[in-house]
Amino acid sequence: MRSTSIALLLLSAGLPGYGQKFSPENLAPSIPTPSAVVERMLDLAHVKASDTVYDLGSGDGRIVIAAAQKYGARAVGIEMLPDLCRQAQRRIHELGLDDRASIVEGNVFRVDFSPATVVTMYFMTDSNERLRPNLEKYLKAGTRVVSNQFPVKRWKPVSVEHAKDYTIYLYEIGKTK
């Protein structure tokens, strides 16, 4: 299962629609999270209307939209690719979710995500490791961090869900050691 995920990530880097150059600021190729996985990630994090969900590397905004639409949460996506930001913002507007959802064009290392009560991400393990110090520094105790497919090294998950096509890691700031 893990080798399949890695193969998909490596393969996608070469596809014209998803191919990207990697740099210190680009943490992963743009691979959309399947809808069923989006739902499981948000369910596993027990997202509710009082939550503020930040999706790091939000792509087309599907997690942001689901968090706002299905759970009534405030949701913010952080995405560095301008075309994906515009696409996601258009979809948010079309769905009438402007009051609950937004997309910030920017780099996750330079955007304040400290208001989050839930953080979702789909980065490779080494990228999670680079992001870990910021998560520890800026997130409040009790904030849930949900990682699709790849763990955060040196953190102990409060829950891990394995299914045929995915693994989801749930962490809680203050309970990661």
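This section reports on the structure supplied with the text. The model shown is predicted, which means the values in this text are computed figures rather than measured ones.

### What about the overall build of the protein?
Part 1 of the reasoning: Per the secondary structure count, the protein includes five helices and seven strands.
Part 2 of the reasoning: Taken from the N to the C terminus, the helices and strands of the protein come in the order α-α-β-α-β-α-β-β-α-β-β-β.
Part 3 of the reasoning: Burial statistics for the protein: of 177 residues in total, 50% are counted as buried.
Part 4 of the reasoning: Taking contacts inside the protein between residues at least 6 apart in sequence as the whole, the part at least 24 apart equals 62%.
Part 5 of the reasoning: When the accessible surface of the protein is split by element, carbon and sulfur atoms take 56% of a total near 8,700 Å².

### Digging into the packing of aromatic side chains
Part 1 of the reasoning: Tallied over the full model, the rule gives three aromatic pairs.
Part 2 of the reasoning: Ring geometry for Tyr169 against Tyr171: centres 6.4 Å apart, planes inclined by 10°, an arrangement best described as stacked. Here Tyr169 matches Tyr171 in class, with each residue buried.

### Concerning the side chain of Thr52
Part 1 of the reasoning: Within the fold, Thr52 resides in strand S1 (residues 52–56).
Part 2 of the reasoning: Discounting chain neighbours no more than four positions away, the residues touching Thr52 are Arg74, Pro115, Ala116, Thr117 and Val118.

### Describing the pattern of salt bridges
It is possible for side chains bearing opposite charge to pair when their charged atoms get close.
Part 1 of the reasoning: All chains considered together, the criterion is met by 13 salt bridges.
Part 2 of the reasoning: We note a salt bridge from Arg144 to Asp51, for which the minimum N-O separation is 2.8 Å. Pair noted here: Arg144 is in strand S5 (residues 144–148) and Asp51 is in the loop between helix H2 (35–44) and S1, with a separation of 93 residues, a long-range link.
Part 3 of the reasoning: A relative accessible area of 13% means that Arg144 is categorised as buried.
Part 4 of the reasoning: Judged by relative accessible area, which is 4%, Asp51 ranks as buried.
Part 5 of the reasoning: A cluster of three or more residues bridged by salt bridges with shared partners is formed by Glu129, Arg132, Glu136, Arg154 and Lys177.

### Quick look at the pairing of S5
Every regular strand shows the same layout, with side chains that alternate between the two sheet faces.
Part 1 of the reasoning: The element S5 is extensively covered by neighbouring structure, given that five of its five residues are classed as buried.
Part 2 of the reasoning: The side-chain alternation of S5 yields two buried faces, one formed by Arg144, Val146 and Asn148 and the other by Val145 and Ser147.
Part 3 of the reasoning: In terms of strand pairing, strand S4 (residues 118–121) meets S5 through four bridges, oriented parallel. Residue Thr120 lies in a different strand from S5, and its bridge partner there is Val146.
Part 4 of the reasoning: As paired strands, S5 and strand S7 (residues 167–172) are joined by five bridges and run antiparallel to one another. Across the sheet, the residue bridging to Ser147 is Tyr169, located in S7.

Cut-offs used in this document
Residues numbered from 1 in each chain as written. Predicted model: local features only at pLDDT ≥ 70, side-chain atom pairs only at ≥ 80, totals over all residues. Heavy atoms only, no water. Helix = DSSP H or I, 4+ residues; strand = E, 2+ residues; numbered from the N terminus. Buried < 20%, exposed > 50% of the residue type's maximum accessible area, 1.4 Å probe, protein only. Contact = heavy atoms within 4.5 Å. Areas by Shrake-Rupley, 256 points an atom, 1.4 Å probe, with all protein chains shown as cover. Phe/Tyr/Trp six-rings, centres within 6.5 Å; stacked < 30°, edge-to-face > 60°. Salt bridge = Lys/Arg side-chain N within 4 Å of Asp/Glu carboxyl O. Pairing = 2+ DSSP bridges.

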